[in-house]
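A closer look at the structure
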Amino acid sequence: MRPKIYIDGKEGTTGLQIYERLGARDDLELLLIDEEKRKDTEERRKFLNAADIVFLCLPDAAAREAVSLIENDHTRVIDASTAHRTADGWAYGFPELSDDHRAAIQTSTRVANPGCHATGFIASVYPLVAHGVLSATDALTCFSLTGYSGGGKKMIASYEAEDKTNDLYAPRVYGLNLQHKHLPEMQKVCGLATPPVFCPVVDDYYKGMATTVMLPDHNVHIVWQALSAHYAGQKMVKVAPLGEGAPMISANTFSGRDSLTLYVHGHRSQTIVTALFDNLGKGASGAAVQNMNLMLGLDETTGLTL
Ligand SMILES: NC(=O)C1=CN([C@@H]2O[C@H](COP(=O)(O)OP(=O)(O)OC[C@H]3O[C@@H](n4cnc5c(N)ncnc54)[C@H](OP(=O)(O)O)[C@@H]3O)[C@@H](O)[C@H]2O)C=CC1
Ligand SMILES: CC(=O)N[C@@H](CCC(=O)OP(=O)(O)O)C(=O)O
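Residues numbered from 1 in each chain as written. Chains lettered and ligands numbered in written order. Predicted model: local features only at pLDDT ≥ 70, side-chain atom pairs only at ≥ 80, totals over all residues.

Examining the site of ligand 1
We apply this condition: Whether a residue is near a molecule or strand depends on its C-beta atom, placed from the backbone, lying within 6 Å of it. Numbering of helices and strands runs from the N terminus, with a helix taken as a DSSP run of H or I at least four residues long and a strand as a DSSP run of E at least two residues long. For each domain, the first and last residues come from an automatic or database assignment.
With respect to spatial proximity, 27 residues lie near ligand 1, and among them Gly12, Thr14, Ser81, Gly152 and Ala284 are the closest. Of all elements in the fold, only helix H1 (13-22), helix H3 (60-68) and helix H6 (152-160) reach the threshold of two or more residues within the shell around ligand 1. For the shell around ligand 1, the leading source of residues is H1, giving three residues. No fewer than three residues from each of domain 1 (4-113 + 284-295) and domain 2 (116-277) sit in the shell around ligand 1.

Shown next, in the form of structure tokens:
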């Protein structure tokens, strides 16, 4: 019997991209809700309980509601929203962090898919803390560039409107209250004493991310070696040869891909690490499908673009 899959929020940005990755597969049975009933709670309840795996591609409140509608023990959940990323009982869906993370995803009934900016930050910082290159009390700073699809349908509409306002033609620094919603998962997953000073920037291109962590007092060779050793053998996360990409890397390089690559650059005692990936790939839908593959005991790259 093919596993039954339901995407709650399939008409949204993340949901559509998951559908694109699953639509052509014949090893899965996709449960498709009637278009007019896609927000009908009782109809959703039926689909959520009929599925073996559900993807939640919804705003946080709707994702919490969806979980509360599941009344059985067999439906497993992959939540793309922020609602459950630091919640007890949820596995954090980043299998490359450690064998324990991978095993938790494979066996869990509740998997929280990482936030896009959090993916870039954690990819660099988790291994450096785990291998003692950074300490949990180091004060970290990070800036992260994203395409406008990261803001979902509303933001896409504003960037693609015919009467687009002038401010949308330039990069926009946001998260200025320093309380971006990804900070709790960045801090918790990396085991940091304090959250990083985090500066997200959204710009006038559709998708792709460059998340840069700055290390003012760390040797570039030590950082590169620790990251390379940590991700050796991984299929979806790689470390580029030291210095590759100089003198300039573009944040849309990985647009359309589901993998992530870390680029390490340095001079004297200063180092920067930049994660290049797609906010809708390893930053959302690609990661969600990778997690589903692991939960089903399949090759994690099935249906994905490396
Ligand atoms: N875009 C990205 O790059 C990323 C997004 N995410 C997260 O994924 C989730 C989805 O985001 P995104 O796809 O960007 O958002 P969108 O706004 O593009 O899509 C959300 C979808 O959910 C639908 N929806 C809203 N409320 C309900 C409800 N009660 N029942 C059923 N459907 C509902 C919306 O309907 P309607 O079409 O009518 O508006 C829409 O289709 C969010 O939690 C987001 O934070 C995570 C990582 C990256
Ligand atoms: C450009 C933009 O607005 N991006 C979103 C992040 C998208 C994402 O990862 O969303 P979730 O955390 O909800 O999963 C933001 O910074 O809030």
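Some words on the environment of Val125
We apply this condition: Residues with at least 20 neighbouring C-beta atoms inside 10 Å of their own are called buried, those with 12 or fewer are called exposed, and the rest are partly exposed, where every C-beta is derived from the backbone. Note that contacts rest on C-beta atoms placed from the backbone: two residues are in contact if these are within 7 Å.
By the element assignment, Val125 lies in helix H5 (residues 116-130). Look at Val125 and you get buried, because 25 C-beta atoms sit within 10 Å. Residues Val125 and Ala136, 11 residues apart in the sequence, show an inter-C-alpha distance of 9.9 Å. Residues in contact with Val125, not counting those within four places in the same chain, are Leu134, Leu140, Cys190 and Val213.

As for the domain arrangement of the protein chain
Definition in use: Just so you know the grouping, Ala, Val, Leu, Ile, Met, Phe, Trp, Tyr, Cys and Pro go in nonpolar, Asp, Glu, Lys and Arg go in charged, and all remaining residues, Gly too, go in polar.
What the domain assignment reports for the protein chain is domain 1 (4-113 + 284-295) and domain 2 (116-277). Taking only C-alpha atoms into account, the centre of domain 1 sits 25 Å from that of domain 2. On the side of domain 2, 18 residues touch domain 1, which itself brings 13 residues to the contact. When residues of the side of domain 1 that touches domain 2 are assigned to their parent elements, the largest contribution, three residues, is made by helix H9 (residues 285-295). Considering only residue class, the side of domain 1 that touches domain 2 consists of five nonpolar, six polar and two charged.

Side note on the environment of Glu244
For Glu244, the location among the structural elements is in the loop between strand S11 (237-239) and strand S12 (260-267). Remark: the alpha-carbon pair of Glu244 and Ala118, spanning 126 residues in sequence, is separated by 23 Å.

Some details on helix H8 (residues 220-231)
For the record, the criterion: One less than the residue count of a helix, multiplied by 1.5 Å, gives the span that helix is expected to have.
Taking 1.5 Å as the rise per residue, H8 with 12 residues should run 16 Å; its terminal C-alpha atoms sit 17 Å apart, in good agreement. Turning to H8, the residues buried within the fold contact H5, strand S10 (209-215), S11, S12 and strand S13 (270-277). Taken from the residues just after H8, Gly233 is the one with a positive phi, measuring 85 degrees.

Structural notes on the packing of H1 against H9
As a reminder of what qualifies: Here the axes come from fitting lines to C-alpha atoms, over the contacting stretch only for helices, and the angles between their N-to-C directions go from 0 to 180 degrees. Angle categories are assigned with fixed cut-offs, so that under 35 degrees is roughly parallel, over 145 is roughly antiparallel, 65 to 115 is roughly perpendicular, and the rest are oblique. Rotating anticlockwise by less than a right angle from the far helix to the near helix defines a left-handed crossing, while the corresponding clockwise rotation defines a right-handed one.
Across the interface, H1 lies against H9 with an axial gap of 9 Å and an inter-helix angle of 50 degrees. By the angle between their axes, H1 is oblique relative to H9. H1 and H9 meet at a crossing whose hand is right-handed. Where H1 abuts H9, its residues Thr14, Gln17, Ile18, Arg21 and Leu22 lie against Ser285, Ala288 and Val289. Grouping the constituent residues of the contact of H1 with H9 by class yields four nonpolar, three polar and one charged.

Structural notes on the pairing of strand S7 (residues 141-147)
Selection criterion: Only strands that DSSP links by at least two bridges are regarded as paired with each other.
Most of S7 is tucked away, with six of its seven residues classed as buried. The pairing of S7 with S10 spans six bridges and is antiparallel. The residue of S10 that forms the bridge with Thr141 is Met214.

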